[in-house]
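# Structural characterization, general
What follows is the residue order along each chain.
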Amino acid sequence: MTSRLERVTEQRLNSLKRIRSKGVNPYPHSYYPSHTSADAIALFGRQGESPQSMSLAGRVVARRRMGRMAFLDIRDGSGKIQLCFRRDLLGDEDYEFLQEIDIGDVIGVEGKLFRTRAGEITLEASDFTMLCKSLRPLPEKWHGLADVEKRYRHRYLDLIASEEARSIFRVRSRITAAVRSFLNARGFVEVETPVLQSQAGGALARPFVTHHNALDEDLYLRIALELPLKKLVVGGFDRVYEIGRVFRNEGISVRHNPEFTLLECYQAYADYNDMMNLVEEMVSSVAREITGSTRIVCGGKEIDLAPPWQRRYLRQTIKSYCDIDFEDYPDTASLRSRMGEAGMEVDAAKGRGRLIDELLASFVEPDLIRPTFLLDYPVEMSPLAKRKRDNERLAERFEAFVNGIEVANAFTELNDPVEQRERFQQQLGERVGDEDVEIADEDFLQALEYGMPPTGGLGVGIDRLVMLLTGQQSLREVILFPQLKAKSDD
């Protein structure tokens, strides 16, 4: 038995043959509409009439036939507009050709605007052109696809079917532009650094490995932007940033995707206090530009992003939630034992820093709804950060959380080349066999030996920022093509 898709496809292939038999090219090379649908409607709204003919183009999303008249709705990148086709205006041959136009086809149309008795602004067609014949039926429910995985796997269908989906990605583009504008206005210079690297450094993450045939050597997709950007600070770029894709060979969840968009920026003669100010100013400024307010709604909760954000110390915060003071347990074994006493299942392969991170993720993060900076992380969790001025066991590092999600991470950058080399060597010695370990990048260490001024560094997850400002609960809603397991279609 043939499926509905097979029947519809066969019908449309037959229509395609008929169109070509009439000498019509169903896939012309170009078409130049004079207006978008939104511009046309706005123009008519201002003038109240349409004295001149105009041309529009878009995908057919609805059709209604009423004897000697037919109405089609088309949608372009700006919105939707109704078209009216009259037999007495088009002539019998062109009017009958409308039977070959299916929902999903792309057409161009010329005519004048008028307002129907129902009050709808409509273009009365004097001529039309087939621009693309669609061979597959579009989703039947125009409010969006019911199959969530299909929405992600075939994003183009989601965008055709859902105005909400299209709106999210338009907003995403505006958010990225607003971040750039904010940083540019403060003297930061945008740069681009290599995606393919001989060593994957700048973060604790497992990299993707690829092979360069001409060089006959393995390379890594970058896991962070940090090390090349700090080399540029050494080279004299006092304020520098990059917005780029990074790649981490890790799990997939509503908050994690193997490739994601990261902002990293570095400011010479600054520390993590300056980065805190930068984060709260930037996020609140972008929110105002995008939504008109610093107040957003996430999961039914109203959150105010206006400065100042709450500042809390990591040590005291974890202790207040689970009664474990990690300073009382200075080595991995003692902390692992204490967590076991608290009923936690502890991975024997995790070091002390990873165990503290597990305490944070399990007990604290879900409750950080209000914008919050968590300050001063253990040194072993922050190999690229300077030690805290009054406590050498801690590093001047913060993570920023909103609605239970980490959105930013920042350091007072370590610029002592001797200590940086020692930190790398110590970490490698303590975590033998752990793939999530900071690699000692020799070229980076040499750059530090030439001298990097005191510097504050910041990383912001753009995807998570978009989640917040669009009220979404999953990264997959704000990444056009999220990573999914390969699957053959039925």
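The structure we're discussing is the one just above.
Parameters and conventions
- Residues numbered from 1 in each chain as written.
- Predicted model: local features only at pLDDT ≥ 70, side-chain atom pairs only at ≥ 80, totals over all residues.
- Heavy atoms only, no water.
- Core = buried A, V, L, I, M, F, W, Y, C linked by side-chain atoms within 4.5 Å.
- Buried < 20%, exposed > 50% of the residue type's maximum accessible area, 1.4 Å probe, protein only.
- Helix = DSSP H or I, 4+ residues; strand = E, 2+ residues; numbered from the N terminus.
- Phe/Tyr/Trp six-rings, centres within 6.5 Å; stacked < 30°, edge-to-face > 60°.
- Lys NZ or Arg CZ within 6 Å of the ring centre and 35° of its normal.
- Salt bridge = Lys/Arg side-chain N within 4 Å of Asp/Glu carboxyl O.

### A look at the nonpolar core
Leu263, Met282, Leu305, Phe398 and Leu458 are the most contacted members of the largest nonpolar core, which totals 48 residues. Here the element with the most residues in this core is helix α9 (residues 272–291); it accounts for 10 residues.

### Here we look at the packing of aromatic side chains
Two aromatic rings, taken as a pair, are described by how far apart their centres are and by the angle between their planes. This model, assessed by the stated rule, comprises four aromatic pairs. Plain terms: the ring middles of Phe97 and Phe128 are 6.1 Å apart, the flat faces sit at 35° to each other, and that makes the pair tilted. Of this pair, Phe97 sits in helix α4 (residues 92–97) while Phe128 sits in strand β5 (residues 121–132), and the two are 31 residues apart along the sequence. Relative to Phe373, the ring of Trp309 has its centre 5.2 Å away and its plane inclined at 25°; by these criteria the two rings are stacked. Taken together, the positions of Trp309 in the loop between β13 (301–304) and β14 (310–313) and Phe373 in strand β15 (residues 372–378) put the pair 64 residues apart, joining distant regions of the chain. Taken as a pair, Trp309 and Phe373 share a single burial class, namely buried. Counting every residue linked through ring pairs, the aromatic cluster contains Phe85, Phe97 and Phe128. Sitting over the ring of Phe182, Arg186 keeps its end group 3.5 Å from the ring centre.

### Examining the pattern of salt bridges
Summed over the entire model, instances satisfying the criterion amount to 38 salt bridges. One salt bridge in this structure joins Arg151 and Glu477, with 2.8 Å as the shortest N-O distance. Of this pair, Arg151 sits in helix α5 (residues 148–153) while Glu477 sits in the segment after α15 (462–470), and the two are 326 residues apart along the sequence. Overall, the relative accessible area of 12% leaves Arg151 in the buried class. Among the charged side chains, a network of salt bridges with common partners joins Arg12, Asp102, Asp105 and Lys133.

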